[in-house]
Amino acid sequence: MSVTILDHALIQHKLTIMRDKNTSTYIFKQNLDEIAKLMAFEVTRNVSLKDKAIETPVCPMVGKEMDQQIILAPILRAGIGLVDGFRDIIPTAKVGHIGMERDEETLIPREYYAKFPSCLDAADVIVVDPMLATGGSASAAIVNIKKRGAKYIKLACLVAAPEGIAVIERDHPDVDLVVAALDEKLNEKGYIVPGLGDAGDRLFGTDE
Ligand code: PRP
Ligand code: URA
């Protein structure tokens, strides 16, 4: 497993706007869209290419085109917030949704919704979720996506805690992880510190 931390100046700048508790839902989503585009650029760095013969205005040449189906897999609900930015950069991407929620008694994440394109086994699947906290939701989502046949999986998160990274490393050593920021720790409620709060609430305005 590789862990890539995207410390690009633009990402750090935009993420600071998102972390600020005074940032509105609208500006939060706008910056998430912009960071998602920058993340998509990095996550797709090594995607397979094939030759494509074209003619420029000057002469014929053999260029390159993508030779890999990409499936974005947002973990509901906050993962939806990363989809628009990724799709702007990868217009041929398909999208499979997976909803995970924790059983309040056992704390075990449970899948409550899933709908995926049929070509999972041959595709590059990019699981997206803004927050990797305990890692429970992402790990369980990846288990279930693997059960549906996916073989090539990456995980892209905005903010990660060391605890969550350790869980993905333990459960899915075959999954490469790309994050925009590695934060300090989790607090007693399982929130990332300093983090940005509840990503879903901030994205959809459900915290008032
Ligand atoms: C958030 C976030 C992740 C999860 C991370 O979702 O979007 O899915 O928490 O926490 P974990 O690493 O400890 O599992 P949440 O459960 O708040 O649901 P929501 O997206 O519906 O708000
Ligand atoms: N889920 C969130 O939305 N934020 C956190 O800090 C942890 C889990």
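Residues numbered from 1 in each chain as written. Chains lettered and ligands numbered in written order. Predicted model: local features only at pLDDT ≥ 70, side-chain atom pairs only at ≥ 80, totals over all residues. Heavy atoms only, no water.

It is worth spelling out the overall build of the chain at this point. Looking only at helices and strands, the chain features six helices and twelve strands. Over its C-alpha atoms the chain spans a radius of gyration of 18 Å, differing by no more than 12% from the 17 Å that the globule rule assigns to 208 residues. The principal-axis extent of the C-alpha atoms belonging to the chain is close to 65 × 40 × 30 Å. Of the contacts formed within the chain by residues at least 6 apart in sequence, a portion of 63% connects residues at least 24 apart. Accessible surface, the chain as shown: approximately 11,000 Å² in total, 52% of it carbon and sulfur. (Helix = DSSP H or I, 4+ residues; strand = E, 2+ residues; numbered from the N terminus. Rg over C-alpha atoms; globule rule 2.2 N^0.38 Å. Contact = heavy atoms within 4.5 Å. Areas by Shrake-Rupley, 256 points an atom, 1.4 Å probe, with all protein chains shown as cover.)

The subject of this paragraph is the pairing of strand E3 (residues 60-66). Strand direction decides the pairing type here: strand E2 (residues 49-55) and E3, joined by seven bridges, are antiparallel. Residue pairing for E3: Lys52 is matched across the bridge by Gly63. Where E2 hands over to E3, the hairpin turn is made up of four residues, counted between the paired strands. (Pairing = 2+ DSSP bridges.)

With that settled, consider unusual backbone geometry. The amide bond that connects Leu76 to the next residue, Arg77, takes the cis arrangement and shows omega of 10°. Residues Val193 and Pro194 are joined by a peptide bond in cis, for which omega reads 0°. Turning to its location among the elements, Pro194 is positioned in the loop between strand E12 (192-193) and helix H6 (199-204).

Right, let's get into the site of ligand 2. Around ligand 2, the neighbouring residues are Met131, Ala133, Gly190, Tyr191, Ile192, Gly197, Asp198 and Ala199. The separation between a nitrogen atom of ligand 2 and a polar main-chain atom of Gly197 is 2.8 Å. Contacts to ligand 2 include Ala199, whose backbone N or O atom sits 2.8 Å from an oxygen atom. Protein contacts shield 79% of the accessible area of ligand 2, which totals 240 Å² for the unbound molecule. Class assignment for the residues of the shell around ligand 2 results in five nonpolar, two polar and one charged. (Near = heavy atom within 4 Å. Polar contact = N/O pair within 3.5 Å; in protein donor to acceptor, adjacent residues only side chain to side chain. Nonpolar A, V, L, I, M, F, W, Y, C, P; charged D, E, K, R; others polar.)

With that settled, consider the site of ligand 1. Near ligand 1 lie 14 residues; those nearest to it are Asp129, Ala133, Thr134, Gly135 and Ser137. At 2.5 Å from an oxygen atom of ligand 1 is found a side-chain nitrogen or oxygen belonging to Asp129. When isolated, ligand 1 has an accessible area of 500 Å², and the protein chains bury 78% of it. Elements represented by at least two residues in the shell around ligand 1 include exactly strand E8 (124-132) and helix H4 (136-147). Element by element, the count of residues in the shell around ligand 1 is highest for E8, at three residues. Per-class residue counts for the shell around ligand 1 are five nonpolar, five polar and four charged.

Scanning the entire structure with this criterion turns up 15 salt bridges. Residues Asp33 and Lys29 are paired through a salt bridge, measuring 2.7 Å at the closest nitrogen-oxygen approach. Taken as a pair, Asp33 and Lys29 lie in helix H2 (residues 25-43) at a separation of four residues, close to a single helical turn. With a relative accessible area of 18%, Asp33 lands in the buried category. The exposure class of Lys29 is partly exposed, given its relative accessible area of 22%. (Salt bridge = Lys/Arg side-chain N within 4 Å of Asp/Glu carboxyl O. Buried < 20%, exposed > 50% of the residue type's maximum accessible area, 1.4 Å probe, protein only.)

Here we come to H2. Because an α-helix packs 3.6 residues into every turn, residues spaced three or four apart end up facing the same way. For H2, which comprises 19 residues, the first-to-last C-alpha distance of 26 Å matches the rise-based estimate of 27 Å (1.5 Å per residue) to within 8%. In this fold, the buried residues of H2 make contact with helix H1 (9-19), helix H3 (83-89), E8, strand E9 (152-160), strand E10 (176-182) and H6. (Expected span 1.5 Å × (residues − 1).)

All buried positions along helix H5 (residues 162-171) are accounted for by Gly164, Ile165, Val167 and Ile168. Buried positions in H5, seen along its axis, are confined to an arc of 160° and lie on one side of it. Buried residues along H5 sit in contact with strand E1 (3-5), E8, H4, E9 and E10. (Arc of directions from axis to C-beta.)

Viewed as axis vectors pointing N to C, H4 and H5 meet at an angle of 25°, and their least axial separation amounts to 9 Å. By the angle class used here, H4 and H5 are roughly parallel. Like other packed secondary-structure pairs, H4 and H5 cross with a definite hand, here right-handed. Of the residues in H5, those in contact with Ala138, Ser139 and Ile142 of H4 are Val167, Ile168 and Asp171. For the contact of H4 with H5, the class distribution of residues is four nonpolar, one polar and one charged. (Axes fitted to C-alpha atoms, helices over the stretch in contact; angles between N-to-C directions. Parallel < 35°, antiparallel > 145°, perpendicular 65-115°, else oblique. Left-handed = near helix turned anticlockwise from the far one by under 90°.)

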